[in-house]
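Residue-level structural notes
Chain by chain, the residues:
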Amino acid sequence: ISSMLQKFSLRSDWAEKLLAMAEADKEKSAQSVTAFVQEAKEKIRTIEAKLQRLLDGYLDQVIEQEVYREKKAKLLSEKKSLEGQIVRIEQKRTGWLEPMKEWIKVASNLVKIARDSNLLEKKVAAKEIFGSNLRLASRAVRGEPVFPFAAAQRAAALVGQKDESQILVQLYDKVRTYFERN
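Residues numbered from 1 in each chain as written. Predicted model: local features only at pLDDT ≥ 70, side-chain atom pairs only at ≥ 80, totals over all residues. Heavy atoms only, no water.

**Considering helix H6 (residues 147-157)**
Within H6 the residues assigned to the buried category are Pro148, Phe149, Ala150, Ala151, Ala152 and Ala155. Residues of H6 that are buried in the fold lie against helix H2 (12-59), helix H4 (97-115), helix H5 (119-130) and helix H7 (164-181). (Buried < 20%, exposed > 50% of the residue type's maximum accessible area, 1.4 Å probe, protein only. Helix = DSSP H or I, 4+ residues; strand = E, 2+ residues; numbered from the N terminus. Contact = heavy atoms within 4.5 Å.)

Written as structure tokens, this is what we have:
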């Protein structure tokens, strides 16, 4: 198990670079999300003003009840949609960041865990890497790793074949996409 754990470890210099890339992306996305959120909030304020004018028109008996209900329902639906978009955008903006940081931390600690004699840590690490796919066959441990660890293993195998910065960018993109979707 110790030798298997080492195959899926992330070099410490790679871990630092991946974390730096994640922080840079966080800053970039914060700027673009802020612009969208401001625009959406402005639209919500406009809708609220329209709702107030609609209510005033209804109370002054300028607008019939049926027209009032239809317009109000339409405006409230539009407002709720914008509020939902704001929530989704803000969650998506950084929702991937913490799980990715946690994965980087676990993957970079695998070498240490493999060297230590703490069997419980090895078991937990193996479960992280393989999920429930780990099995014993012919006195050998076998299993298919779950995605982020499989990507790290494939990236490590490319060292010497490709430029290291290119490997890191591809690994980062794949892992970020994985954590954004999950």
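**Quick word on the side chain of Ser9**
The topology assignment puts Ser9 in the loop between helix H1 (2-7) and H2. Ser9 sits in the buried class, given a relative accessible area of 16%. In terms of polar contacts, Ser9 uses its side chain to reach the backbone carbonyl oxygen of Gln6, at 2.9 Å. Sequence-distant contacts of Ser9, defined by excluding residues within four places in its chain, comprise Ala107, Leu110 and Val111. (Polar contact = N/O pair within 3.5 Å; in protein donor to acceptor, adjacent residues only side chain to side chain.)

**Observations concerning the nonpolar core**
Grouped together as the largest cluster of nonpolar side chains are 32 residues, with contacts concentrated most on Leu5, Leu10, Leu18, Trp103, Phe149 and Leu171. The greatest single-element share of this core, amounting to nine residues, is contributed by H4. Those residues in contact with Leu5 that lie beyond four places of it in its chain are Leu110, Ile113, Ala114, Lys122, Ala125, Ala126 and Ile129. Ranked by size, the runner-up nonpolar core spans eleven residues in total, among them Val33, Ile44, Leu51 and Leu82. (Core = buried A, V, L, I, M, F, W, Y, C linked by side-chain atoms within 4.5 Å.)

**Describing the packing of H6 against H7**
As a packed pair, H6 and H7 sit with axes 10 Å apart at the nearest point and diverge in direction by 175°. In this view, H6 runs roughly antiparallel relative to H7, as classed from their interaxial angle. Residue-level contacts link Phe147, Pro148, Ala151, Ala152 and Ala155 of H6 to Ile167, Leu171, Lys174, Val175, Tyr178 and Phe179 of H7. Considering only residue class, the contact of H6 with H7 consists of ten nonpolar, no polar and one charged. (Axes fitted to C-alpha atoms, helices over the stretch in contact; angles between N-to-C directions. Parallel < 35°, antiparallel > 145°, perpendicular 65-115°, else oblique. Nonpolar A, V, L, I, M, F, W, Y, C, P; charged D, E, K, R; others polar.)

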